[in-house]
Amino acid sequence: KQEVTQIPAALSVPEGENLVLNCSFTDSAIYNLQWFRQDPGKGLTSLLLIQSSQREQTSGRLNASLDKSSGRSTLYIAASQPGDSATYLCAVRQGGSQAGTALIFGKGTTLSVSS
Amino acid sequence: NAGVTQTPKFQVLKTGQSMTLQCAQDMNHEYMSWYRQDPGMGLRLIHYSVGAGITDQGEVPNGYNVSRSTTEDFPLRLLSAAPSQTSVYFCASSSLAGTSTDTQYFGPGTRLTVL
């Protein structure tokens, strides 16, 4: 059974710092991996999606990497801002049959950026 | 293009009552799913559908029913509400797995309290 783990569970940094959020998964047979952002009391917003054949994706100050063989992904946030404060969720989509189309989520990393 | 919409946003039920959470998407996505989010548990899949007339169970299906009569709509029914079903419910949609580029889009959520 696929398990997704995110470390750390919470992170506090001063504005301007570069930071890395970690995600690990136990089964490397994934279709893709997606990073989401969730603000308090809100829904999930997709940040980046990495296909199983890709190594990384970039969007603005965000860069996500994927090492399928080791079961790891990182989300790099450059020059953090208070507006980046949110919970970041990692989710993998299994490969194989249609029954494996669901996302399996980690429990998230709650980021707080102070000004 | 409204994306994924959910109604209601908030709901309070008494134990034993039934209700339907509505979900609709206007992106012509084949795949739709329901998740619940609980503190410390992360997001867990309840039910999913890969097309009209096709549904299947996820990780935590007990106490919930779904049907998919159209591509656009995927309602979630609580048959006899229990306090353990107090949670935030999210509906999501994406193009059908098999194209690894598909991104999952989430609705804003329904906050349900069962007394």
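Look above for the structure.
Structure report, in brief. Quick caveat: nothing in here was measured; it's all calculated off a predicted structure. (Residues numbered from 1 in each chain as written. Chains lettered and ligands numbered in written order. Predicted model: local features only at pLDDT ≥ 70, side-chain atom pairs only at ≥ 80, totals over all residues. Heavy atoms only, no water.)

### Considerations on the layout of surface pockets
Any empty space left between the atoms is revealed when a probe the size of a water molecule rolls over them.
Consideration 1: The volume enclosed by the largest pocket comes to roughly 520 Å³.
Consideration 2: Counting residues per element, the ones that place at least two in the lining of the largest pocket are β1 (4-7) and β10 (103-105) of chain A together with β5 (42-51) of chain B.
Consideration 3: Sorting elements by how many residues they give to the lining of the largest pocket places β5 of chain B first, with 5 residues.
Consideration 4: Residues that form the lining of the largest pocket fall into these classes: 10 nonpolar, 11 polar and 5 charged.
Consideration 5: Roughly 300 Å³ of internal volume is contained in the second largest pocket.
Consideration 6: Together, 19 residues line the second largest pocket, and Gln38 of chain A together with Gln37, Asp38, Pro39 and Gly40 of chain B are the ones closest to its centre. (1 Å grid on protein atoms, 1.4 Å probe; cavity = no way out; pocket = protein on both sides within 12 Å on 5 of 7 lines; lining within 4 Å. Points joined across faces, edges and corners; volume = space filled by probe spheres on them. Helix = DSSP H or I, 4+ residues; strand = E, 2+ residues; numbered from the N terminus. Nonpolar A, V, L, I, M, F, W, Y, C, P; charged D, E, K, R; others polar.)

### Digging into the pattern of salt bridges
Where charged atoms from two side chains of opposite charge approach closely, those side chains can pair.
All names here are of chain A.
Consideration 1: Applying the stated criterion across every chain yields a total of 4 salt bridges over all chains.
Consideration 2: Across the pair arginine 61 and aspartate 84 runs a salt bridge, and its minimum N-O distance is 2.8 Å. In this pair, arginine 61 sits in the loop between β6 (56-59) and β7 (62-67) while aspartate 84 sits in the loop between β8 (72-77) and β9 (86-94), placing the two residues 23 residues apart along the sequence.
Consideration 3: Using a relative accessible area of 29% as the deciding quantity, one classes arginine 61 as partly exposed. (Salt bridge = Lys/Arg side-chain N within 4 Å of Asp/Glu carboxyl O. Buried < 20%, exposed > 50% of the residue type's maximum accessible area, 1.4 Å probe, protein only.)

### A few points about the state of the cysteines
Consideration 1: Evaluation of the coordinates by the stated rule reveals 2 disulfides over all chains.
Consideration 2: Bridging cysteine 23 of chain A to cysteine 90 of chain A, the disulfide has an S-S length of 2.0 Å. Looking along the S-S bond of the cysteine 23 of chain A-cysteine 90 of chain A disulfide, the torsion reads about -60 degrees, which is the left-handed sense. Of the two residues, cysteine 23 of chain A sits in strand β3 (residues 19-25) while cysteine 90 of chain A sits in strand β9, which places them 67 residues apart along the sequence. Side by side, cysteine 23 of chain A and cysteine 90 of chain A carry an identical accessibility label, which is buried.
Consideration 3: One disulfide in the model links cysteine 23 of chain B with cysteine 91 of chain B; its S-S distance is 1.8 Å. The chirality of the disulfide connecting cysteine 23 of chain B with cysteine 91 of chain B is left-handed, given an S-S dihedral of about -70 degrees. You can see cysteine 23 of chain B sitting in strand β3 (residues 19-25) and its partner cysteine 91 of chain B sitting in strand β9 (residues 87-94), a full 68 residues away along the chain. (Disulfide = S-S within 2.5 Å.)

### Things to note about the packing of aromatic side chains
Consideration 1: A full pass over the atoms with the stated rule returns 7 aromatic pairs over all chains.
Consideration 2: Relative to phenylalanine 106 of chain B, the ring of phenylalanine 36 of chain A has its centre 5.3 Å away and its plane inclined at 85 degrees; by these criteria the two rings are edge-to-face. Note that phenylalanine 36 of chain A is positioned in strand β4 (residues 30-38) and phenylalanine 106 of chain B in strand β10 (residues 105-106), a pairing that runs across two chains. By the burial criterion, phenylalanine 36 of chain A is buried, and phenylalanine 106 of chain B matches it.
Consideration 3: Arranged with centres 6.0 Å apart and planes meeting at 35 degrees, the rings of tyrosine 31 of chain B and tyrosine 48 of chain B form a pair that is tilted. Remark: tyrosine 48 of chain B occurs in strand β5 and tyrosine 31 of chain B occurs in strand β4 (residues 31-38); sequence separation between them is 17 residues.
Consideration 4: On the basis of relative accessibility, which here comes to 0%, the residue tyrosine 31 of chain B falls in the buried class.
Consideration 5: Taken together, Phe36 and Phe105 of chain A together with Tyr35 and Phe106 of chain B form an aromatic cluster joined through their ring pairs.
Consideration 6: Lying over the aromatic face of tyrosine 31 of chain B, arginine 93 of chain A brings its terminal NZ or CZ to 4.9 Å of the ring centre.
Consideration 7: The positively charged end of arginine 68 of chain B is found above the aromatic ring belonging to phenylalanine 74 of chain B, 6.0 Å away from the centroid. (Phe/Tyr/Trp six-rings, centres within 6.5 Å; stacked < 30°, edge-to-face > 60°. Lys NZ or Arg CZ within 6 Å of the ring centre and 35° of its normal.)

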